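# Analysis of the macromolecular model
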Amino acid sequence: MTEAIAVAPLTTAPTWRALSDHYAAVKDATLRDLFATDPERAPRFTVEGAGLVLDYSKNRITAETMALLFQLAEERQLAACRDAMFRGDRINTTENRAVLHSALRAPADAVIEVDGRNVVPDVHDVLDRMASFADRVRAGNLIGHTGQPIRNVVNIGIGGSHLGPEMAYLALRPYSARDMRFRFVANVDGAAFTEATHDLDPAETLFVVSSKTFTTQETMSNAHLARQWLIERLGDERAVAKHFVAVSTNAQKVAEFGIDTANMFAFWDWVGGRYSLPSAIGLSTMLAVGPENFRAMLAGFADMDVHFRTAPLQQNLPVILGLLSVWYADFFSVATQAVLPYAQNLARFPAYLQQLQMESCGKSVDLERRRVDFATSAVLWGEPGTDGQHSFYQLLHQGTHLVPADFIGFLQPLSPLAAPHDLLMANLFAQAEGLAFGRTLAEVEASGVSAADAPFRVMEGNRPSNMLLADRLDPRTLGALIALYEHRVFVQGAIWGIGPFDQWGVELGKVLAGKIASELTATSAPDLQHDASTNALIQRYRNARHQS
Ligand SMILES: O=P(O)(O)OC[C@H]1O[C@H](O)[C@H](O)[C@@H](O)[C@@H]1O
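Residues numbered from 1 in each chain as written. Predicted model: local features only at pLDDT ≥ 70, side-chain atom pairs only at ≥ 80, totals over all residues. Heavy atoms only, no water.

## Focus: unusual backbone geometry
The residue after G385, namely T386, is reached through a cis peptide bond having omega 5°. Topologically, T386 is positioned in the loop between strand 11 (379-381) and helix 15 (393-398). One non-glycine residue, D115, lies in positive phi territory at about 50°. Structurally, D115 can be placed in the loop between strand 3 (113-114) and strand 4 (117-118). A relative accessible area of 64% places D115 in the exposed class. Positioned with a positive phi, R369 is a non-glycine residue whose angle comes to about 70°. (Helix = DSSP H or I, 4+ residues; strand = E, 2+ residues; numbered from the N terminus. Buried < 20%, exposed > 50% of the residue type's maximum accessible area, 1.4 Å probe, protein only.)

Laid out in structure tokens, this is it:
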């Protein structure tokens, strides 16, 4: 099946109109009043699944809002779209591909077919190869060209081939090998490579070149730098064979680069880059945390897959979160959304989610090729708490933008230092409370602040947030958390009727950069045919380059 499920233009859907009317009726309701008039509100709007608890009661919603949003989900055939994805239909119609990241974490006895072939055994073959390779490296049994064991791993990749491995490595740092060093190089800026390798002994260093296509300019440039770095220092081109492995879908390009395909870990075109962490793209994470922890992370992904497939819409975490995003983007005209993990180890989680959500849902044409007349993805951003509190929370509390926030916290500390955890969690709960309920003028004045100063201290509140809690940031929980956001993005895409699995918008920049790169380095003055601004910028760079 290659066709997307056809749906009518979103804004003509009957429930969309009902939601518009409903929005007009509830937009000024305050969380103070909503909580005061409904003692059952917190339990009513708390759901659990796959080891995560979601309290979404501090959103600007009523029971009717949710009923209408669930009705919208029915009208947009969300369940049928979801089932088509899990079944392996070619729902990525603009690239004519199936979308089966869920197969990467399916149990070994599952049967998921693409073009009549069960892909699950292929997935498990690669996982097993990754596991035996990881065991070898971690035990010090992978010997480099000069006879020394490999102790450093440098992942070279960008986008989905970087953000997931780096984010998961940092998240699971307490579970990782402390006697090895892990580095992640993405930016084509040579400074990234230099910084990552300056203190590494090449004799002990393994490069994992991760690229779905194996053609990405930045990754290929960094991989060539790595090759040169290694050969210069070890003095022998044959060293490459023992210090490079590749993760890719493109065996031909891997061989052309000079990596033996025996040292390649494969994945498939039905895995999107930003969904590829549970594929072989997770190799450097597995090298860090070991096969057992990596498989536990996959089990967490699978827990959330099952929850998304089977929980009723009303109890379904990704469905609820996706619908709330639609509610804010399209009715409150909210342009940004914050993700605020109260866990230092999730420092790169917002960056990871940026690609996941913004590359997926940053679209303005629906699958029926119509320009949309509603807002799609919000700009997603965030930093770990409490650091963000001392930076941008001022705007969250008193600025003119409404920024719905996802707070993420863990009941058990990851660090052996338990005392700071109480303080961390106190801040987490306090921020959500403060944003929702604020502080009125009367309350400020009653606290002894003068009438002249009081207006500056008022916090109007009514700023929505979700609270996501789990027991502990362990591999299984991390998997469930990532899958929660993957499926939330899917829900948004299905409601909006856009294709969340392509990224045509990144192509133009690549084409232009290729042309400009040759103009910057041409020995004779090129005939610049850009606009006047771009021509002048190129000229300025050429002048500086040729003077130095
Ligand atoms: O894994 P690669 O093929 O090197 O792709 C790396 C990244 O670059 C592309 O331009 C896409 O925008 C991303 O979706 C992708 O993750």
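## With respect to the site of the ligand
Near the ligand lie 14 residues; those nearest to it are S161, S211, T213, T216 and E359. Here an oxygen atom of the ligand sits 2.8 Å away from a polar atom, N or O, in the main chain of G160. Contact distances for the ligand include 2.6 Å between an oxygen atom and a side-chain N or O atom of E359. The cavity where the ligand resides is the largest pocket. Partitioning the shell around the ligand into residue classes produces 2 nonpolar, 8 polar and 4 charged. (Near = heavy atom within 4 Å. Polar contact = N/O pair within 3.5 Å; in protein donor to acceptor, adjacent residues only side chain to side chain. 1 Å grid on protein atoms, 1.4 Å probe; cavity = no way out; pocket = protein on both sides within 12 Å on 5 of 7 lines; lining within 4 Å. Sits in = over half its atoms within 2 Å of the grid points. Nonpolar A, V, L, I, M, F, W, Y, C, P; charged D, E, K, R; others polar.)

## Concerning helix 13 (residues 317-330)
Note that an α-helix has 3.6 residues per turn; residues three or four places apart therefore point the same way. Look at helix 13: 20 Å from first C-alpha to last across 14 residues, which is about the 20 Å you get at 1.5 Å a residue. Within helix 13, 14 of the 14 residues are buried, which leaves it mostly tucked inside the rest of the structure. (Expected span 1.5 Å × (residues − 1).)

## Observations concerning the nonpolar core
Of all hydrophobic cores here, the largest spans 126 residues; its most connected members are W270 and F349. Each residue touching F349, except ones within four places of it in the same chain, is listed here: M167, V339, I408, L481, I482 and Y485. (Core = buried A, V, L, I, M, F, W, Y, C linked by side-chain atoms within 4.5 Å. Contact = heavy atoms within 4.5 Å.)

## Some words on the packing of aromatic side chains
As enumerated under the stated definition, the model contains 29 aromatic pairs in all. Aromatic side chains W16 and F331 sit 4.8 Å apart centroid to centroid with 40° between the ring planes, which places their arrangement in the tilted category. Within this pair, whereas W16 is found in helix 1 (residues 14-26), its partner F331 is found in the loop between helix 13 and strand 10 (336-341), the two being separated by 315 residues in sequence. A single burial state applies to W16 and to F331, both of which are buried. Note on Y328 and F332: the rings are 5.4 Å apart at their centroids and 50° apart in plane angle, and the pair reads as tilted. (Phe/Tyr/Trp six-rings, centres within 6.5 Å; stacked < 30°, edge-to-face > 60°.)

## A closer look at the pattern of salt bridges
Following the criterion strictly, the structure yields 28 salt bridges and no others. The residue R97 makes a salt bridge to E95 at a minimum N-O spacing of 3.6 Å. Since its relative accessible area comes to 24%, R97 is described here as partly exposed. Between R295 and D128 there is a salt bridge; the shortest N-O distance is 3.0 Å. Pair noted here: R295 is in helix 12 (residues 283-310) and D128 is in helix 6 (residues 120-138), with a separation of 167 residues, a long-range link. On the basis of relative accessible area, R295 is assigned to the partly exposed category, the value being 32%. Among the charged side chains, a network of salt bridges with common partners joins E95, R97 and D269. (Salt bridge = Lys/Arg side-chain N within 4 Å of Asp/Glu carboxyl O.)

## Observations regarding the side chain of D305
Looking at the secondary structure, you find D305 in helix 12. Accessibility expressed as a relative area gives 6% for D305, which makes it buried. Only 2.8 Å separates the side chain of D305 from the side chain of R105, close enough to count as a polar contact. Beyond its immediate sequence surroundings of up to four residues, D305 is in contact with F86, S102, R105, A483 and H487.

## Some points on the packing of helix 4 (residues 63-75) against helix 13
Any two packed helices are characterised by the angle at which their axes cross and by the distance between the axes. Interhelical geometry of helix 4 versus helix 13 gives an angle of 100° and a closest axis separation of 10 Å. The angle between the axes of helix 4 and helix 13 places the two elements in the roughly perpendicular class. Facing helix 4, whose interface residues are T65, M66, L69, F70 and A73, helix 13 presents V319, I320, L323, L324 and W327. Its residues placed into classes, the contact of helix 4 with helix 13 shows 9 nonpolar, 1 polar and no charged. (Axes fitted to C-alpha atoms, helices over the stretch in contact; angles between N-to-C directions. Parallel < 35°, antiparallel > 145°, perpendicular 65-115°, else oblique.)

## Quick word on the side chain of H101
For H101, the position within the fold is in the loop between helix 5 (78-87) and strand 3. On the accessibility criterion, H101 (3% relative accessible area) is buried.

## As for the layout of surface pockets
Looking at the largest pocket, its volume works out to about 860 Å³. If you trace the largest pocket, you find 37 residues lining it, with T216, E359, Q503, V506 and K510 closest to the centre. Breaking the lining of the largest pocket down by element, the ones donating at least two residues are helix 9 (217-234), helix 14 (349-361) and helix 20 (507-521). In terms of residue count, the dominant contributor to the lining of the largest pocket is helix 20 (4 residues). Partitioning the lining of the largest pocket into residue classes produces 10 nonpolar, 18 polar and 9 charged. Considering only enclosed or pocket space, the second largest pocket measures out at about 390 Å³ in volume. (Points joined across faces, edges and corners; volume = space filled by probe spheres on them.)

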